[in-house]
Amino acid sequence: MAGAHTKNHDYHLVDPSPWPLVGSISATTMAIGAVMWMKAMAVGGMKLGPLVFGIGVLGVLYTFLAWWMDVVREAEHEGHHTRVVQMHHRYGMLMFIASEVMFFVAWFWAFFDASLFSGEAINFTRKEFTGGVWPPVGIQTFDPWHLPLLNTLILLTSGTTVTWAHHALITGDRRGLKQGLWLTVILGVLFTICQAYEYAHASFAFSGHIYGSTFFMATGFHGAHVIIGTIFLAICLYRAYLGHFKPQQHLGFEFAAWYWHFVDVVWLFLFAAIYVWAAGTPGAH
């Protein structure tokens, strides 16, 4: 009977896990709480939206932590992440990044459609609001060669430091791994601070015109990805101090590095399109 349960393949058949169910319930609770909060809905005379939303958020975060701890245990201590399993994880991460690319394509598409065809007769409503020029009449754009350029240099530098950390890990240099990750995390935080400063000094808002909408949607979602990537790398840094990651097996760090390089590439397109293109478009104000 014991032989019937012996593993003789390279795949990982996961044990029954409560986290998909817990995560689904938590996400549903968070969504219900968000609706109650935004609609100022009252239950028994009390506005419980923020409380319900907070409970859902805590549940989602706990699911993240517990599920990822299970994955780390399976990889580091139980040896379930064979080469075949690692290959399939890589396929999954590549598909996730491809979906993220399509996500940002939508915002670039909206920006270029509005900027290239701001004066087209068929878009008479848009012409009424933009004045037929791009950026729209009354919009003062950022100088791309000041803070946006600084942020570009910060993010590109962070791409080199995370590559340094990856190379150090592959060559068995644990000290270099930690130093590279520290620098990358610090640069990620610095980028977020600079972007927050930029937003605080923007001469236009999100609502009221298509320029503000496309600008804040594209750069705002990118900023959210930078924050997520910084947290991702900070967790990798913590795991590096715990002695995790081996030169031949370090998927968690590898995926964090892939994600960070994706963030770098998206920012380069944003810098060229949202900042430089807008500032250099004929008719810019």
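Residues numbered from 1 in each chain as written. Predicted model: local features only at pLDDT ≥ 70, side-chain atom pairs only at ≥ 80, totals over all residues. Heavy atoms only, no water.

1. Points about the overall build of the protein chain
When you go through the protein chain residue by residue, the secondary structure sums to eight helices and zero strands. Overall, the protein chain shows an N-to-C arrangement of helices and strands of α-α-α-α-α-α-α-α. In terms of overall dimensions, the protein chain has a C-alpha envelope of 80 × 60 × 35 Å along the principal axes. For the protein chain, the proportion of its 285 residues judged to be buried stands at 38%. Here the analysis covers contacts within the protein chain between residues at least 6 apart in sequence; of these, 73% occur between residues at least 24 apart. (Helix = DSSP H or I, 4+ residues; strand = E, 2+ residues; numbered from the N terminus. Buried < 20%, exposed > 50% of the residue type's maximum accessible area, 1.4 Å probe, protein only. Contact = heavy atoms within 4.5 Å.)

2. A closer look at the layout of surface pockets
If you add up the space inside the largest pocket, you get close to 1700 Å³. Considering the residues around the largest pocket, the lining is formed by 50 residues, among which Phe64, Trp67, Trp68, Val71 and Phe232 are closest to the centre. Of all the elements, helix 2 (residues 49-76) adds the most residues to the lining of the largest pocket, at 14 residues. Split into classes, the residues belonging to the lining of the largest pocket amount to 29 nonpolar, 13 polar and eight charged. (1 Å grid on protein atoms, 1.4 Å probe; cavity = no way out; pocket = protein on both sides within 12 Å on 5 of 7 lines; lining within 4 Å. Points joined across faces, edges and corners; volume = space filled by probe spheres on them. Nonpolar A, V, L, I, M, F, W, Y, C, P; charged D, E, K, R; others polar.)

3. What to know about unusual backbone geometry
Most peptide bonds adopt trans geometry, and most residues besides glycine take a negative phi value. In this model, Ala40 sits at a positive phi of 55°, which is unusual for a non-glycine residue. Mapped onto the fold, Ala40 is located in the loop between helix 1 (19-38) and helix 2. Residue classification places Ala40 among the partly exposed residues on the basis of a relative accessible area of 41%. At Phe245, a residue that is not glycine, the phi angle is positive and equals roughly 75°.

4. What to know about helix 2
The first and last C-alpha atoms of helix 2 sit 40 Å apart over 28 residues, in line with the 40 Å expected at 1.5 Å per residue. Residues of helix 2 that are buried sit in contact with helix 1 and helix 7 (210-241). (Expected span 1.5 Å × (residues − 1).)

5. Remarks on a nonpolar patch on the surface
On the surface, a nonpolar cluster with roughly 870 Å² of combined accessible area is contributed by Leu58, Leu61, Phe64, Trp67, Trp68, Val71, Ile227, Ile231 and Ile235. Within the residue set of the nonpolar patch, elements represented by two or more residues are helix 2 and helix 7. In this structure, Val71 sits in helix 2. (Patch = residues over 30% accessible without salt bridge, like charges linked within 9 Å, V, L, I, M, F, W, Y side chains within 5 Å. Areas by Shrake-Rupley, 256 points an atom, 1.4 Å probe, with all protein chains shown as cover. Salt bridge = Lys/Arg side-chain N within 4 Å of Asp/Glu carboxyl O.)

6. Re the packing of aromatic side chains
One pass over the full model with this rule turns up 32 aromatic pairs. Residues Phe108 and Phe269 carry aromatic rings whose centres are separated by 6.3 Å and whose planes lie at 70° to one another, so their mutual orientation is edge-to-face. Of the two residues, Phe108 is situated in helix 3 (residues 83-116) and Phe269 in helix 8 (residues 251-280); the sequence distance between them amounts to 161 residues. With a relative accessible area of 14%, Phe108 lands in the buried category. Under the relative-accessibility criterion, Phe269 is labelled exposed at 51%. (Phe/Tyr/Trp six-rings, centres within 6.5 Å; stacked < 30°, edge-to-face > 60°.)

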